[in-house]
Protein chains: 2
Amino acid sequence: MPELAVSTVIFTLRPDETGAMQLWLPAVKRIRSPFDGMWALPGGPLSEEEDLIAAASRTLLETTGLKPRYLEQLYAFGSLERSPGGRVVSIVYWALVAQNEIADAYECENVSWFAADNLPNLAFDHNLIVEYALSRLRNKMEYSRIAHGFLGDTFTMAQLREVYEAVLGRALDPGNFRREMESSGDLVATGERLIGTKHRPPQLYKYDTSVDLTDQGALPTFSEHSANSIKREKTA
Amino acid sequence: MPELAVSTVIFTLRPDETGAMQLWLPAVKRIRSPFDGMWALPGGPLSEEEDLIAAASRTLLETTGLKPRYLEQLYAFGSLERSPGGRVVSIVYWALVAQNEIADAYECENVSWFAADNLPNLAFDHNLIVEYALSRLRNKMEYSRIAHGFLGDTFTMAQLREVYEAVLGRALDPGNFRREMESSGDLVATGERLIGTKHRPPQLYKYDTSVDLTDQGALPTFSEHSANSIKREKTA
């Protein structure tokens, strides 16, 4: 019988040397066959007692020290030849975490972060899985408020635009972007401004939280999507 | 270790007693525990040698005698309590078949068709799975050409509208619908008309097939989405 594993693609944003934001993700060095010594998406075999999304949440916690801010099922990958030496079907989740959360998180042995557009050769079909997660993320940016998954509770319009630019991989006109976001009805001006050294510190926004951020994936009544496991949690 | 199964939600349209189209789907009577004697979605354990989508295609063939016209991965369902007496994770696909195909298909023992809004209590969490498949279908009708999966190669504007009305569950204004469809750029007038007894037989349309109908789900380069297993096939 094929084995069953749960893996998670965890995206965050980090500035490159010019200060422009880039997508990054963590990989874990394998310490056993197959693909011993290669980097792979964090995850592992599904245990008898663990819900799918609980396994993905645990992976996220073990890899980054974080609770999920955004976590959704991506796809089940099960082609015959993806794992040499024994069939493995992987149910893959994807998660977004804010950069300021990572900074506070613990260091984790055998984990390294890579720029999404400069990944090493990953074990199994994990490069293809990342490619698919990227296409889902880009697609979802176009019609949802998923950008919030990368941001703190409040953010400037420029920070929000940087998220869009990093994910979509192209520069956006600041004026058009601001008009589009302000007319979307998703944002609320907090009345506060970014504390800093600027002469005119920029306005801070937050998302209108009367609509839930998390995509429940399947029906919210399913127990694996219990409020407990999926709800956003503040990390101080 | 949890067991792994592949099940498929197969939708078609049938006229009700007033002639209005309704969504129907087949279920298979279980002949073993758990849920012995109850109706369930067609499917079964994943074998070591079968790709996920190949298993879904086979299920479709065994249940309806048909090759997939539209087939896509829906979701992996894996909550702990969904199967009494042993953990089962089900990777669920969904498929659309045209009513005129079904008419030619063989009868299959232990299979019955039910109106989607009048299902019996199904085994496992299969009622919830159908509900989720319905929400995906309705959502996808709004932005894709998935309606084609229910239709023959050519169809009238009224037949296309009937598909939308059946799936969305509400009446649509014929004039507005025609204008919207004609402006979408997806349809091509064949120049032919429906053969029948009417004084003014309606125009026949087809979809512009320069764009592929099937949603490859994940990346098309994955072997489990080989042209062989997913491509549309005419049934004479």
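Residues numbered from 1 in each chain as written. Chains lettered and ligands numbered in written order. Predicted model: local features only at pLDDT ≥ 70, side-chain atom pairs only at ≥ 80, totals over all residues. Heavy atoms only, no water.

Participant: Just to check I follow, could you spell out the packing of helix α3 (residues 126-143) of chain A against helix α4 (residues 157-168) of chain A for this structure?
Facilitator: Each pair of packed helices gets described by two things: the angle between the helix axes and the distance between those axes. All names here are of chain A. Following both chains from N to C, one finds α3 and α4 inclined at 140°, their axes separated by 9 Å at the closest point. Here α3 lies oblique to α4, going by the angle between them. For the element pair α3 and α4, the recorded crossing hand is left-handed. Facing α3, whose interface residues are Leu137, Arg138, Met141 and Glu142, α4 presents Val163, Tyr164, Val167 and Leu168. Tallied by class, residues from the contact of α3 with α4 come to six nonpolar, no polar and two charged. (Axes fitted to C-alpha atoms, helices over the stretch in contact; angles between N-to-C directions. Helix = DSSP H or I, 4+ residues; strand = E, 2+ residues; numbered from the N terminus. Parallel < 35°, antiparallel > 145°, perpendicular 65-115°, else oblique. Left-handed = near helix turned anticlockwise from the far one by under 90°. Contact = heavy atoms within 4.5 Å. Nonpolar A, V, L, I, M, F, W, Y, C, P; charged D, E, K, R; others polar.)

Participant: Looking at this structure, I do not really get the confidence of the model for chain A. What am I missing?
Facilitator: Caution applies to low-pLDDT regions: their predicted coordinates should not be interpreted in detail. Residues and elements named next belong to chain A. Summing up the model confidence of chain A, the mean pLDDT is 83 and the portion of residues at 70 or higher is 84%. Across residues 213-236, confidence stays below pLDDT 50; counting only partners more than four residues off in sequence or on other chains, it has 63 contacts. The ipTM value of the predicted complex is 0.81, and its pTM value is 0.84. (pLDDT = per-residue confidence, 0-100.)

Participant: Just checking my understanding: could you explain the packing of aromatic side chains for this structure?
Facilitator: Within a pair of aromatic rings, the relevant descriptors are the distance that separates the centres and the angle that separates the planes. Residue and element names in this part refer to chain A. Within this structure, the stated rule accounts for 16 aromatic pairs over all chains. Taken together, a centroid distance of 6.1 Å and an interplanar angle of 80° make the contact between Phe77 and Tyr132 edge-to-face. Remark: Tyr132 occurs in helix α3 and Phe77 occurs in strand β5 (residues 70-77); sequence separation between them is 55 residues. A residue is classified by how much of its surface remains accessible, and Phe77, at 1% relative accessible area, is buried. One aromatic cluster is present, formed by Tyr75, Phe77 and Tyr132 through successive ring pairs. Just above the ring of Trp24 sits the side chain of Arg14; from NZ or CZ to the centre is 4.9 Å. (Phe/Tyr/Trp six-rings, centres within 6.5 Å; stacked < 30°, edge-to-face > 60°. Buried < 20%, exposed > 50% of the residue type's maximum accessible area, 1.4 Å probe, protein only. Lys NZ or Arg CZ within 6 Å of the ring centre and 35° of its normal.)

Participant: I'm lost on unusual backbone geometry in this one. Help?
Facilitator: Residues other than glycine predominantly adopt negative phi, and peptide bonds predominantly adopt the trans conformation. All names here are of chain A. Following Ser33, the chain continues to Pro34 via a peptide bond in cis, the omega torsion being -5°. Residue placement: Pro34 occurs in the loop between β2 (21-29) and β3 (39-40). Notably, Phe124 is not glycine yet its phi reads approximately 50°, a positive angle. Tracing the chain through its elements places Phe124 in the loop between β7 (111-115) and α3.

Participant: Explain the pairing of strand β1 (residues 3-15) of chain B here, please?
Facilitator: Moving residue by residue along a regular strand, the side chains alternate between the two faces of the sheet. Residue and element names in this part refer to chain B. Among the 13 residues that make up β1, ten are buried, leaving the element largely enclosed by the rest of the structure. Taken together, the four bridges between β1 and strand β2 (residues 21-29) define a ladder with antiparallel strand orientation. The partner of Pro15 across the bridge, within β2, is Met21. (Pairing = 2+ DSSP bridges.)

Participant: What's the story with α3 of chain A in this structure? I'm lost.
Facilitator: Residues spaced three or four apart along an α-helix point in a common direction, a consequence of the helix completing one turn every 3.6 residues. Residues and elements named next belong to chain A. Across its 18 residues, α3 extends 26 Å between first and last C-alpha, which sits within 8% of the 26 Å expected from 1.5 Å per residue. What α3 keeps buried is the set His126, Ile129, Val130, Tyr132, Ala133, Leu134, Leu137, Lys140 and Met141. Those residues of α3 that are buried are in contact with β1 (3-15), β2, β3, β5, β6 (88-96) and α4. (Expected span 1.5 Å × (residues − 1).)

Participant: Where do I start with the pattern of salt bridges in this structure?
Facilitator: Pairs may arise between side chains of opposite charge once their charged atoms sit close together. In the structure shown here, the tally under the stated rule is 14 salt bridges over all chains. Across the salt bridge formed by Asp125 of chain B and Arg82 of chain B, the nearest N and O atoms sit 2.8 Å from each other. With Asp125 of chain B in the loop between β7 (111-115) and α3 (126-143) and Arg82 of chain B in the loop between β5 (70-77) and β6 (88-96), this residue pair connects regions lying 43 residues apart in the sequence. Judged by its relative accessible area of 11%, Asp125 of chain B falls in the buried class. Residue classification places Arg82 of chain B among the buried residues on the basis of a relative accessible area of 5%. A single network of salt bridges, built from pairs that share partners, joins Glu50, Arg58 and Glu62 of chain A. (Salt bridge = Lys/Arg side-chain N within 4 Å of Asp/Glu carboxyl O.)

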